[in-house]
Amino acid sequence: MVHLVQLRLGSDEIMLETLYHLISQYILLPFILFVIPVDYQIEAMIFLQTIIKIFAIIIPVLITVAYFTYAERKVIGFIQGRIGPNRVGLFGFRLWGLGQPIADAVKLMVKEIVIPLNANRTLFIIAPILSLAPALAAWAVIPFDDTKVLANINAGLLYVLALTSLAVYGVIIAGWASNSKYAFLGAMRSAAQIVAYEIAMGFALVGVLIAAGSLNLGEIVNAQAGSVIHWFWLPLLPLFVIYFISGLAETNRAPFDVAEGESEIVAGFHVEYSGMAFSVFFMAEYANMILISVLSALLFFGGWLSPFQGIIYLEYFFSWVPGMFWLLAKTSIFMFLFLWFRATFPRYRYDQIMRLGWKVFIPITIVWLVVVSVLVVTNIPPWFS
């Protein structure tokens, strides 16, 4: 049994960090050997290792979600000539208000969750979970470099598209279960908006599929190897712009936040929610923003590939930088764009949003899919040669 477990650990050395090895060797292995029956020890070890990997992804994502709200308030405050949160610190020091997300979390956890009298209690509680769960589950196939990925499946891109499409059910159920006209109107707005832009986003991802010849996210990144010019942002530029703007609409972010139009329908589909149930919707929104950002980096900007690749001296000079750093740096840029757009553009009218999705984005994506197909068939260098 020990020999088989050691083989299992050895096969995982390529993709796991030193901390993971220590936990597996000195915590999980003794626990398995002394607690689990011999016939089930291998399965139990694999199961516990997978659980550790899941927590190693989910916990940093949730912490990033919390401090993304802090970054948003700081960035928009700077753009608007304000200070932003700066009072709540850590360990007796203000530290630029870095304790604000923790204070917000504590406040929301102790607030009462008020359920309207005539609401459907079961669906009312399930709706926030249905919004957050797909945003977190999609990270199972996100590669952080050549080897660090939880589930390296061949249909990773299709898996992500399917899961992100499920978020609309949480919004619709929240609006319907609340038994409120404002909430239901906001849910219908959001559903129509998500359907419109989901089609455009799907076509944009089809363009990536045609260019890379694979649905595996790792292979899509490797197909962009060579240099910055080899990344898909150049041949797929219209598709990238449409994908990112559709991501703004999918997450109900400004200027596409008519589903939460304060001047029209109060707070939209979550108007009846309070406490942690309310905060879960916002966690789902920010988690989806992070997901859209990391997918933009993977699909169009080379993922973990160095921007200095192909440049003789700079490639060697920066060769020590891990690929995960480049992926996180690119993701951070797109996350900043979400905040920048919110502080810059006014909210669109609902008819303008629908027109942009159905009459502009979808026709452009269809035309560009034909263009990309021609480029691939004719082996146009440097992307498809």
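Everything discussed here concerns the structure shown above.
Each chain has its residues counted from 1, running along the sequence as written. Selection of residues for local features in this predicted model requires a pLDDT of at least 70, selection of side-chain atom pairs for listing and counting requires 80 or more, and totals for whole chains, interfaces and linings are taken over all residues. To get the side-chain values, all heavy atoms of the structure are used, and hydrogens and water are removed first.

**Digging into the overall build of the protein chain**
Part 1 of the reasoning: Helix and strand definitions follow DSSP, with helices as H or I runs of at least four residues and strands as E runs of at least two, each counted in order from the N terminus. A count of helical and extended segments in the protein chain gives 15 helices and zero strands.
Part 2 of the reasoning: We take the radius of gyration over the C-alpha atoms and set the globule estimate at 2.2 Å times the residue count to the 0.38 power. The C-alpha radius of gyration computed for the protein chain amounts to 23 Å, which stays within 12% of the reference 21 Å derived for 385 residues, consistent with globular compactness.
Part 3 of the reasoning: Only protein chains enter the calculation, and the probe is 1.4 Å; a residue is then buried if its accessible area is under 20% of its type maximum, exposed if over 50%, and partly exposed in between. Split into buried and exposed, the 385 residues of the protein chain put 45% on the buried side.
Part 4 of the reasoning: Throughout, a contact is declared for two residues whenever any of their heavy atoms are within 4.5 Å. Nonlocal contacts in the protein chain, meaning residues at least 24 apart in sequence, comprise 76% of its contacts between residues at least 6 apart.
Part 5 of the reasoning: Reported accessibility uses the Shrake-Rupley method at a 1.4 Å probe radius. Residues are deemed covered only where the shown protein chains occlude them. For the protein chain, the exposed area adds up to about 19,300 Å²; of that, 72% sits on carbon and sulfur atoms.
Part 6 of the reasoning: Positive charge is attributed to Lys and Arg, negative charge to Asp and Glu, and no charge count is given to His or to the chain ends. By convention, the point assigned to a charge is CZ for Arg, NZ for Lys, CD for Glu and CG for Asp. Side chains of the protein chain give 20 positive and 21 negative charges; the mean places of these two sets differ by 12 Å.

**Brief notes about the nonpolar core**
Part 1 of the reasoning: Judged by nonpolar contacts, the single largest core of 72 residues is most densely connected at Trp-139, Leu-217 and Leu-299.
Part 2 of the reasoning: Among the elements that make up this core, the one with the highest residue count is helix H12 (residues 275–300) (14 residues).
Part 3 of the reasoning: Beyond its immediate sequence surroundings of up to four residues, Leu-217 is in contact with Val-141, Ile-142, Pro-143, Gly-156, Leu-157, Val-160, Leu-295 and Leu-299.
Part 4 of the reasoning: Here, nonpolar core means buried Ala, Val, Leu, Ile, Met, Phe, Trp, Tyr and Cys residues that are tied together by side-chain atoms lying within 4.5 Å of each other. Membership of the second largest hydrophobic core comes to 13 residues, among which are Ala-119, Ala-187, Ala-259 and Phe-281.

**Points about the pattern of salt bridges**
Part 1 of the reasoning: A pairing counts as a salt bridge when a side-chain nitrogen of Lys or Arg comes within 4 Å of a carboxyl oxygen of Asp or Glu. One pass over the structure, following the stated rule, counts seven salt bridges.
Part 2 of the reasoning: Measuring nitrogen to oxygen at the nearest pair gives 2.9 Å for the salt bridge that ties Arg-349 to Asp-351.
Part 3 of the reasoning: Linked through salt bridges whose partners overlap, the residues forming this network are Glu-72, Arg-253, Glu-285 and Arg-342.

**Here's the deal with the environment of Ala-254**
Part 1 of the reasoning: Relative to the elements of secondary structure, Ala-254 occurs in the loop between helix H10 (237–250) and helix H11 (262–265).
Part 2 of the reasoning: On the accessibility criterion, Ala-254 (9% relative accessible area) is buried.
Part 3 of the reasoning: Put simply, Ala-254 and Tyr-348 are 94 residues apart on the chain and 8.4 Å apart in space, counted from C-alpha to C-alpha.
Part 4 of the reasoning: If sequence neighbours within four positions are ignored, Ala-254 has contacts with Leu-248, Phe-341 and Arg-342.

**As for empty space enclosed by the protein**
Part 1 of the reasoning: The method works on a 1 Å grid over the protein atoms by themselves. A cavity is a set of points holding a 1.4 Å probe that cannot get out, a pocket is an open set with protein on both sides within 12 Å along at least five of seven lines, and residues with an atom within 4 Å of a point line them. Grid points are joined across faces, edges and corners, and a volume is the space filled by probe spheres set on the points. Across all of its chains, the model carries three cavities of 30 Å³ or more by this definition.
Part 2 of the reasoning: Of all the elements in the fold, those that place two or more residues in the lining of the largest cavity are helix H7 (167–177) and H12.
Part 3 of the reasoning: Broken down by element, the lining of the largest cavity gets its largest block of residues, seven residues, from H12.
Part 4 of the reasoning: Tallied by class, the residues present in the lining of the largest cavity amount to 10 nonpolar, six polar and three charged.
Part 5 of the reasoning: Its volume calculated, the second largest cavity comes out at about 40 Å³. Each residue gets one of three labels, nonpolar for Ala, Val, Leu, Ile, Met, Phe, Trp, Tyr, Cys and Pro, charged for Asp, Glu, Lys and Arg, and polar for the others, Gly among them.

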